[in-house]
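# Observations on the model geometry
Chain by chain, the residues run as shown.
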Amino acid sequence: MTVVIKCEDLHHRYEPADEGGVEALSGIDLEIARGEFVAVIGPNGSGKSTLAKHFNALLLPTEGRVLVAGRDTRDPDLLWEVRRSAGMVFQNPDNQLVATVVEEDVAFGPENLGVEPEQIVRRVESSLDAVGMLARREYAPHELSGGQKQRVAIAGILAMEPEILVLDEPTAMLDPLGRREVLETVMDLNRQKGITVVFITHFMDEAVRADRVIVMDKGRVVLQGPPREVFGQIDMLHSVGLDVPQIAEVARRLRDMGVDVPPGVLTVDELVAAVCR
Ligand code: ADP
Ligand code: MG
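Time to look at the sheet that holds strand β4 (residues 63-68). Pairing is antiparallel in the open sheet, where four strands are placed in the order β2-β1-β4-β5. Looking at the sheet topology across the chains shown, the edges are occupied by β2 (22-33) and β5 (71-72). Alignment of β4 against β5, held across two bridges, turns out to be antiparallel. Looking across to β5, one finds that Leu67 is bridged to Asp72.

If you want it as structure tokens, here you go:
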């Protein structure tokens, strides 16, 4: 396993608005492997966005350190390398598209990196193709649905050829179809191109699809593991104010009623199989 993101005793304290300030991250130790798909969940204010912004040096540790592909984010000489290797996608698709035409928008990142024009054309095509938006390359952003806009935003990041994609609640403002489009797109990029994905979400059914789920509360990682293990900890998740996937909840209720359902059931098929057994 190659570690691509490493946090060592990471603390982040925002500028003190008053005495003391807010410690948003309180000692995070974390390793993310190359090619991994990690979901980050946690209640509002638990530090998810603050953590994500450390992965591409939008924020720097106030204590401890973060290594991205081996590069210390505090080193000013490495800043652009760090920014280029970890691309960020945010919640609101409308804030991320800057050009009036889809393909121009996707070209924007590589243009800023000084990539050769022919290379840019190739990157724009392959990035739009990778998110299934090549056919809409000449559209204006306002002609697209929320899910399509978010996929164009992802293409714009891909065109900079990052090895890590950090997405901060990219589906929060989308309808169910858009949410599915974006999740499937990101999962494809992870599986087919080997891009490491950090996917912050408050939808538990999305987190279930990850290789690993990291649960944050009050600036700390309070639980992490494969979805089956994490979503088996129903009381723990409830205690930090999180829901569990519906099927896990149903399985738990059946178990409470005396039905023999094994722990770790997460899909309808698994539940049906367990109940029929
Ligand atoms: P999440 O993404 O999990 O909702 P955030 O990382 O946005 O959590 O916030 C973590 C904590 O840091 C919260 O207490 C929040 O109020 C505080 N915080 C976030 N951004 C700022 C900021 N720019 N200045 C001061 N405090 C902030
Ligand atoms: Mg947030």
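Scanning the entire structure with this criterion turns up one aromatic pair. Residue placement shows Arg83 over the ring face of Trp80; its charged tip is 5.6 Å from the ring centre. The ring of Tyr139 is capped by Arg136, whose NZ or CZ atom sits 5.3 Å from the centre of that ring.

For Glu169, which is not a glycine, the phi torsion comes out positive at approximately 50°. Within the fold, Glu169 resides in the loop between β7 (164-168) and α6 (176-193). The backbone of Lys218 shows a phi angle near 50°, a positive value even though the residue is not glycine. Along the chain, the position of Lys218 falls in the loop between β9 (212-217) and β10 (220-225).

Across its 18 residues, α6 extends 25 Å between first and last C-alpha, which sits within 8% of the 26 Å expected from 1.5 Å per residue. Those residues of α6 that sit buried are Gly178, Arg179, Glu181, Val182, Leu183, Thr185, Val186, Met187, Leu189 and Asn190. Contact partners of the buried residues in α6: β3 (37-41), α4 (117-130), α5 (146-158), β7, β8 (196-200) and α7 (204-207). Trailing α6 by a residue or two, Gly194 shows a phi angle of about 70°, which is positive.

Next up on the list: the nonpolar core. Core analysis: the largest hydrophobic core is formed by 49 residues, its most contacted members being Ile41, Ile154, Val215, Phe231 and Leu237. Counting residues per element, this core draws most heavily on α5, at six residues. Setting aside residues up to four positions removed in sequence, Ile154 forms contacts with Val89, Val131, Leu165, Leu167, Val182, Val186 and Leu189. If you look at the next biggest cluster of nonpolar residues, it comprises 25 residues, including Leu10, Ile28, Ala57 and Met88.

Conventions adopted
- Residues numbered from 1 in each chain as written.
- Chains lettered and ligands numbered in written order.
- Predicted model: local features only at pLDDT ≥ 70, side-chain atom pairs only at ≥ 80, totals over all residues.
- Heavy atoms only, no water.
- Pairing = 2+ DSSP bridges.
- Helix = DSSP H or I, 4+ residues; strand = E, 2+ residues; numbered from the N terminus.
- Phe/Tyr/Trp six-rings, centres within 6.5 Å; stacked < 30°, edge-to-face > 60°.
- Lys NZ or Arg CZ within 6 Å of the ring centre and 35° of its normal.
- Expected span 1.5 Å × (residues − 1).
- Buried < 20%, exposed > 50% of the residue type's maximum accessible area, 1.4 Å probe, protein only.
- Contact = heavy atoms within 4.5 Å.
- Core = buried A, V, L, I, M, F, W, Y, C linked by side-chain atoms within 4.5 Å.

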